[in-house]
Structures are given as C-alpha cells and as structure tokens.
Amino acid sequence: MNKNIEEIKLAIEPLRQQIINHKVYAKINDLNDLKVFMEYHIYAVWDFMSLLKSLQINLTCTSIPWFPIGNANTRSLINEIVAGEESDLDDIGNKNSHFEMYLDAMKQCGANTTPFELFINTLKSGSSRTEAYIAANTPEAAKSFVDFTFDVIGNKKLHEQASAFTFGREDLIPNMFLSIIDDLNNKFPEQISKFKYYLERHIEIDGDHHSHLALEMTSTLCGDKETYWIEAKNVAIASLKKRITLWDGVYDGIYTSGVVV
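The rules behind the values
Residues numbered from 1 in each chain as written. Predicted model: local features only at pLDDT ≥ 70, side-chain atom pairs only at ≥ 80, totals over all residues. Heavy atoms only, no water. Helix = DSSP H or I, 4+ residues; strand = E, 2+ residues; numbered from the N terminus. Expected span 1.5 Å × (residues − 1). Buried < 20%, exposed > 50% of the residue type's maximum accessible area, 1.4 Å probe, protein only. Arc of directions from axis to C-beta. Axes fitted to C-alpha atoms, helices over the stretch in contact; angles between N-to-C directions. Parallel < 35°, antiparallel > 145°, perpendicular 65-115°, else oblique. Contact = heavy atoms within 4.5 Å. Nonpolar A, V, L, I, M, F, W, Y, C, P; charged D, E, K, R; others polar. Phe/Tyr/Trp six-rings, centres within 6.5 Å; stacked < 30°, edge-to-face > 60°. Lys NZ or Arg CZ within 6 Å of the ring centre and 35° of its normal. Core = buried A, V, L, I, M, F, W, Y, C linked by side-chain atoms within 4.5 Å. Salt bridge = Lys/Arg side-chain N within 4 Å of Asp/Glu carboxyl O.

I keep staring at helix 4 (residues 72-86) and nothing clicks. Help me out?
Quick reminder: α-helices carry 3.6 residues per turn. Residues three or four places apart thus point the same way. For helix 4, with 15 residues, the first-to-last C-alpha span of 21 Å sits near the 21 Å given by 1.5 Å per residue. Within helix 4, burial applies to Thr 74, Leu 77, Ile 78, Ile 81, Val 82, Gly 84 and Glu 85. Relative to the axis of helix 4, the buried residues are bounded by an arc of 165° and lie together on one face.

Just checking my understanding: could you explain the packing of helix 1 (residues 3-20) against helix 13 (residues 226-256) for this structure?
Between two packed helices, what matters for the description is the angle formed by their axes and the separation of those axes. Contact pair helix 1 / helix 13: the axes reach a minimum separation of 10 Å and the direction vectors enclose 10°. In terms of orientation, helix 1 and helix 13 fall into the roughly parallel class. The residues of helix 13 that touch helix 1, namely those facing Asn 4, Ile 5, Glu 7, Ile 8, Ala 11, Ile 12, Leu 15, Arg 16, Gln 18 and Ile 19, are Trp 229, Ala 232, Lys 233, Ala 236, Ile 237, Leu 240, Lys 241, Arg 243, Ile 244 and Trp 247. In terms of residue class, the contact of helix 1 with helix 13 is made up of 13 nonpolar, two polar and five charged.

Even after reading the chapter, I still don't get the environment of Leu 34, so can you show me in this structure?
Among the secondary structure elements, Leu 34 is positioned in helix 3 (residues 31-59). Along the backbone, Leu 34 and Asn 96 are 62 residues apart, and their C-alpha atoms lie at a distance of 23 Å. Ignoring sequence-local partners within four residues, the contact set of Leu 34 consists of Ile 28, Cys 109, Ile 181, Leu 184, Ile 192 and Phe 195.

Is there a simple way to explain the environment of Ile 181 in this structure?
Tracing the sequence through the fold places Ile 181 in helix 10 (residues 175-187). Since its relative accessible area comes to 1%, Ile 181 is described here as buried. Put simply, Ile 181 and Thr 220 are 39 residues apart on the chain and 38 Å apart in space, counted from C-alpha to C-alpha. Not counting the four nearest positions on each side in its chain, Ile 181 is found in contact with Leu 34, Ile 192, Phe 195, Lys 196 and Leu 199.

Would you mind going over helix 8 (residues 140-154) with me for this structure?
Across its 15 residues, helix 8 extends 20 Å between first and last C-alpha, which sits within 8% of the 21 Å expected from 1.5 Å per residue. Along helix 8, the residues that are buried comprise Ala 141, Ala 142, Phe 145, Val 146, Phe 148, Thr 149, Val 152 and Ile 153. Burial along helix 8 is one-sided: seen end-on, the buried residues are contained in an arc of 150°. Once helix 8 finishes, Lys 156 follows within two positions and takes phi at roughly 60°, a positive value.

Quick question: what am I supposed to make of the packing of aromatic side chains here?
Remark: the centre distance and the inter-plane angle together describe each pair of aromatic rings, the angle taken between the planes. By the definition in use, this model includes 18 aromatic pairs. Ring plane angle 65° and centroid distance 5.2 Å describe the contact between Tyr 43 and Phe 119, whose orientation is recorded as edge-to-face. Within this pair, whereas Tyr 43 is found in helix 3, its partner Phe 119 is found in helix 6 (residues 114-124), the two being separated by 76 residues in sequence. Residue Tyr 43 is classed as buried on the basis of its relative accessible area of 3%. A residue is classified by how much of its surface remains accessible, and Phe 119, at 0% relative accessible area, is buried. Measuring from ring centre to ring centre gives 5.6 Å for Phe 116 and Phe 119, while their planes differ by 35°; the resulting arrangement is tilted. Placement of the pair is Phe 116 and Phe 119 together in helix 6, with a separation of three residues, close to one helical turn. Taken together, the aromatic side chains of Tyr 25, Phe 37, Tyr 102, Phe 177, Phe 195, Tyr 198 and Trp 247 make up a single cluster linked through ring pairs. Directly above the aromatic system of Tyr 251 lies the positively charged group of Lys 23, at a separation of 4.3 Å from the ring centroid.

Would you explain the nonpolar core in this entry?
What tends to happen in soluble globular proteins is that the nonpolar side chains get buried as a cluster. Among the nonpolar cores identified, the biggest contains 59 residues, and Leu 34, Phe 37 and Phe 195 are the most heavily contacted of them. Here the element with the most residues in this core is helix 3; it accounts for 11 residues. Residues within four places of Phe 195 in sequence aside, it is in contact with Leu 34, Phe 37, Met 38, Tyr 102, Ala 105, Gln 108, Phe 177 and Ile 181. In this structure, Phe 48, Met 49, Leu 55 and Ala 162 belong to the second largest nonpolar core, which totals 20 residues.

Got a minute to help me understand unusual backbone geometry in this structure?
Residue Ile 64 is joined to Pro 65 through a cis peptide bond whose omega torsion reads 5°. You can see Pro 65 is positioned in the loop between helix 3 and helix 4.

What am I meant to see in the pattern of salt bridges here?
Pairing between side chains of opposite charge can happen when their charged atoms approach one another. Under the criterion given, the structure shown has 10 salt bridges. We note a salt bridge from Asp 147 to Arg 129, for which the minimum N-O separation is 3.2 Å. Taken as a pair, Asp 147 in helix 8 and Arg 129 in helix 7 (residues 129-136) lie far apart in primary sequence, 18 residues in all. By relative accessible area, Arg 129 is classed as partly exposed at 26%. Among the salt bridges present, the one from Glu 200 reaches Lys 196, with a minimum N-O distance of 2.5 Å.

Structure follows, in structure tokens:
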C-alpha cells in the first residue's frame, strides 16, 4: 500500500480508537437516550451527502456538453456511492435515500425530527446555514461538525475532500453499539427496526470495494505532491477530532437532559 496512506492511517489510529471506544455508546440505555443520539447524528448523515456530491461534481462531468473527466475508477466510485446513498432499498423494499431512511427511523423511534426538518426547510428557502441553525436551535456540537464539512468543501481542494471522505467519514460502528441496538430492537421492535436496518445496510454497502476505491481516489488526487499529502493527513485528523466532539456533545445531551432542546 502507498506509504503516504500508511502514514495517514498511523496518524489517525489513536483518534479512531477514541471514537470506537467513546463513552457515548455505553450511555445509550433506553429509547430516550437513542432519540438524543439520533437528533444529533442526523446532521452528520445529511452533510455527508454534500461532501459526496461535491466530489461527484468535481470528479465527473455534470454539465453539458459532456466530456470524460478524471480517472474512470474514481468516477465509478463516486457514482456508485451516490446511487447507493440516494436510491438504496429501504426496509420494505422501496427505493429511498439513506438520509430519508434515517428520518423514517427517527420517526419510528419517536425522536423529534421537527428541528432538523426546520433546518432543512430554512436552507431550501435560500437562507444561510447560520439562519438555519438559529431557526432549528441546532446543538453546538452538530453546528461545529457541519461547519467543518462545509469549510472543507468551500476550500475547493479535492484531495482534502477525498481525505475527509475516505478517512474522516468512514463508519466506525463498534460492536458494543450494535449489541445495544440489537437489545433495544428485541425489546421495542416496532420502534427500533428501521434504525437497526439502517445500520446493517450501511455496514453492508461500506465494504472492501468502496474502501479500496476511496483510498485509490485519495492517492490519485494527492499524486506525488508532498504538500497535498500533508494537507490530506491534517484534514483526516481534523475530521476525526470533529467526530469525537460530536459524540461528546451527544453524551452531554443525554447526560444533562435526555432530550435535545
């Protein structure tokens, strides 16, 4: 494997372990705790799509007349993931985006989707993210997470976006969390089944094929430019630190009130 990729993996491993072993998972003991988790996490589920679509726009041709752009393997990766994220099969066999599946899971669980839907609708009306945050009373940790993602997009450095996508947004779902969801699903199948399906589906499609191509994409975009590799490593580190901050926010939300206010 590329030595620069290995260096990034080595640099982020302590942060990966912090995420995998984060105290927030053990704090999720009942439906109310899970609701808080989802009311924060939905922001990360949503802004992932903007990062992915930015890569698709810049690494494929999305204008007319069409011309072949970039590396065919990279085009394949981005288009495949976009198709899966935007139009996968949900738990009853209908086409749906993972974001919409998550919202459906929140509603089944009884989580409060009104603030986030207000956030989205405010953006749709043409307002700024700041205005949308205010309208939705977005938790500070979620705001910080989303702002970082859009800063990476706004910098227009594709190697940084690829690094954030490849290393910062990989699904680090510990077995303990899956066991907790399994236990809750056994107790409350009519409220947890959609979320359990979402997690299982997400793990299923994020296999070795996507991981390999994502690493290849980052290698291709960084090339032999040492500065690019340094920036890619820094973004990977910063991305995982933001995930830890988000999980810290969820933990505090569960600990202090049990609901997002």
